[in-house]
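Breakdown of the fold
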Amino acid sequence: MLFHVRMDVQLPAAMPAGQAAQLKADEKALAQRLQEEGKWRHLWRIAGQYANVSIFDVGGNEELHALLMSLPLFPYMKIDVTPLCRHPSSIRTNDF
Ligand SMILES: O=C(O)C[C@H]1C=CC(=O)O1
């Protein structure tokens, strides 16, 4: 199943720089592993914001929920999820 996910990151201003850097490094490592596995299909920065739009390809709601909760930045993100399905007017024969 495909999901459109928007993540807005808000790190506390009081968070020590070293802790923030470690969280971002851990997040990057996991994000890149999930992309290599094909679960995190697209990852785009929203210009001018500490936010991204992503497309996930996972088995279902439960897997997506567990994946998002496993992200190191999860406690510091507002996450909006939109389930996707094929559009009948799409000319693409595959998902992308
Ligand atoms: O920077 C972000 O948008 C938050 C998060 C998503 C992937 C990643 O590496 O960090």
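Scoring rules and cut-offs
Residues numbered from 1 in each chain as written. Predicted model: local features only at pLDDT ≥ 70, side-chain atom pairs only at ≥ 80, totals over all residues. Heavy atoms only, no water. Buried < 20%, exposed > 50% of the residue type's maximum accessible area, 1.4 Å probe, protein only. Helix = DSSP H or I, 4+ residues; strand = E, 2+ residues; numbered from the N terminus. Pairing = 2+ DSSP bridges. UniProt positions renumbered as here; feature names shortened; annotations may be inferred. Near = heavy atom within 4 Å. Polar contact = N/O pair within 3.5 Å; in protein donor to acceptor, adjacent residues only side chain to side chain. Nonpolar A, V, L, I, M, F, W, Y, C, P; charged D, E, K, R; others polar.

Along any regular strand, the residues point their side chains to alternate faces of the sheet. Buried residues dominate strand E1 (residues 2-9), accounting for six of its eight residues. With seven bridges joining them, E1 and strand E3 (residues 51-57) adopt antiparallel strand pairing. Bridge assignment links Val-5 to a residue of E3, and that residue is Ser-54. Sheet topology places E1 next to strand E4 (residues 77-84); eight bridges connect them, and they run antiparallel. Among the inter-strand pairings, Met-7 is bridged to a residue of E4, identified as Ile-79.

Sequence positions flagged by UniProt for "domain: Muconolactone isomerase" (unreviewed entry) are, in local numbering, residues 1-89. Between the end C-alpha atoms of residues 1-89 the distance is 19 Å, and the span holds 34% helix and 33% strand.

In the vicinity of the ligand, the residues found are Val-9, Glu-27, Lys-28, Ala-31, Trp-40, Arg-45, Tyr-50, Asn-52 and Leu-73. At 2.6 Å from an oxygen atom of the ligand is found a side-chain nitrogen or oxygen belonging to Arg-45. For the ligand, an oxygen atom lies 2.8 Å from a polar atom in the side chain of Asn-52. Contributing elements (two or more residues each) for the shell around the ligand: helix H1 (17-36) and strand E2 (40-45). Considering each element in turn, the shell around the ligand owes the most residues, three residues, to H1. Partitioning the shell around the ligand into residue classes produces five nonpolar, one polar and three charged.

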